[in-house]
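Residues per chain are reported as follows:
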Amino acid sequence: MPADAATALKEKFPQATARPSVDHPAFNVPIADVPAVLAFLRDELAFELLMDVTAIDNGEHSSPRFTVVYHVLSVTHPGAYLRIAADCANDAEPTAPSVVALWAGANWHEREVYDMFGIKFTGHPDLRRILMWDGYPYHPLRKEFPLAGIETDLPVEDIAEETGTKVIAAPMQGGPFVASPGEINLTEAEPRAKDETWSDRRAKPGHSELRQVKE
């Protein structure tokens, strides 16, 4: 990261605390301070590029349950990468401030987090689902959501008639997928299938078989 960036961030935002990380520097900040922290990183410390916005579900019985995570990269200082994490204050109806005003690209990132985790971004110009259809009652990346999905009425009747099912099993491809903590190379750290004995076309032994994807 740019020289003295951590010191500058701490001086500007004393409430920022170092977050344990095995790869890049990371900080926890209060959720309300996210726009100001990210604006400071972009404008004063040359972290010009918002690489990703994602979230962590810490579990149904955890509090805080949801943490929003921002990844920023410096183009001016190649290789400088920083992670900012902020806990949502409300576990039942989590919210976070939108940063679309800082990066237009945050628009789709925040819609994806909203869709998958149910975290609403206040001030977002058009917060709609981006992967699931409008009216879908679940958020698939929440911890309680089963890997193979939940039987749900599909939005278009002819799809259900054609497939003969309301839900198609997730494409396991040998999953479940397991990340490799400790990998410095982000590509190598991507979640990978560890169980090669079953796939989306071959049900896991001992489990009921949902309709598989048609050949």
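Numbering of residues starts from 1 in each chain and follows the order in which that chain's sequence is written. Note on the predicted model: pLDDT of at least 70 is required for a residue's local features to be given, and 80 or more for side-chain atom pairs to be given and counted; whole-chain, interface and lining totals, by contrast, use all residues. Note that the side-chain values use all heavy atoms of the structure and ignore hydrogens as well as water.

Undergrad: Describe the overall build of the protein chain, naming the residues involved and giving the relevant values.
TA: Scanning the protein chain for helices and strands turns up 5 helices and 9 strands. Counted from the first residue to the last, the protein chain has its helices and strands arranged as α-β-β-α-β-β-β-β-α-β-α-β-α-β. A 1.4 Å probe rolled over the protein chains alone gives each residue an accessible area, and that area as a share of the maximum for its type sets the label: buried under 20%, exposed over 50%, partly exposed in between. Taking all 215 residues of the protein chain together, 39% fall into the buried category. For the purposes of this entry, the term helix denotes a DSSP run of H or I that reaches at least four residues, the term strand denotes a run of E that reaches at least two, and both are numbered from the N terminus.

Undergrad: Just give me the short version of the packing of aromatic side chains, but keep the residues and values in it.
TA: Pairing of aromatic rings covers Phe, Tyr and Trp, the last counted by its six-membered ring, and requires centre-to-centre distances within 6.5 Å; plane angles under 30 degrees mean stacked, over 60 mean edge-to-face, and any other angle means tilted. With the rule as written, the count across this model stands at 4 aromatic pairs. Ring centres 5.6 Å apart and planes at 75 degrees place the aromatic pair Tyr136 and Tyr138 in the edge-to-face group. Residue class for Tyr136 comes out buried when judged on its relative accessible area of 6%. Taken together, Trp133, Tyr136, Tyr138 and Phe145 form an aromatic cluster joined through their ring pairs.

Undergrad: I'd like a description of the sheet that holds strand β5 (residues 81-87), backed by residues and values.
TA: One open sheet holds the 5 strands; their spatial order is β1-β2-β5-β4-β3, and the pairing between them is mixed. Strand pairing shows two members of the sheet lacking a second neighbour, β1 (17-18) and β3 (49-57), which therefore form its edges. Note that strand β4 (residues 66-73) and β5 share 7 bridges and pair antiparallel. Opposite Val72, over in β5, you have Leu82 as the bridge partner. Against the sheet, helix α3 (residues 106-117) engages β3 and β4, with an angle of about 10 degrees to β3. The rule for pairing is simple: two strands pair if DSSP sees at least two bridges between them. Contacts between residues were defined by any pair of non-hydrogen atoms, one from each residue, lying within 4.5 Å. All axes are obtained by fitting lines to C-alpha atoms, using only the stretch in contact for helices, and the reported angles, taken between N-to-C directions, cover 0 to 180 degrees.

Undergrad: Account for the pairing of β4, with residues named and values stated.
TA: Counted residue by residue, β4 has 7 buried out of 8 residues, so it is predominantly covered. Pairing of β3 with β4 involves 8 bridges; the strand directions are antiparallel. By the bridge assignment for β4, Ile56 is matched with Thr67.

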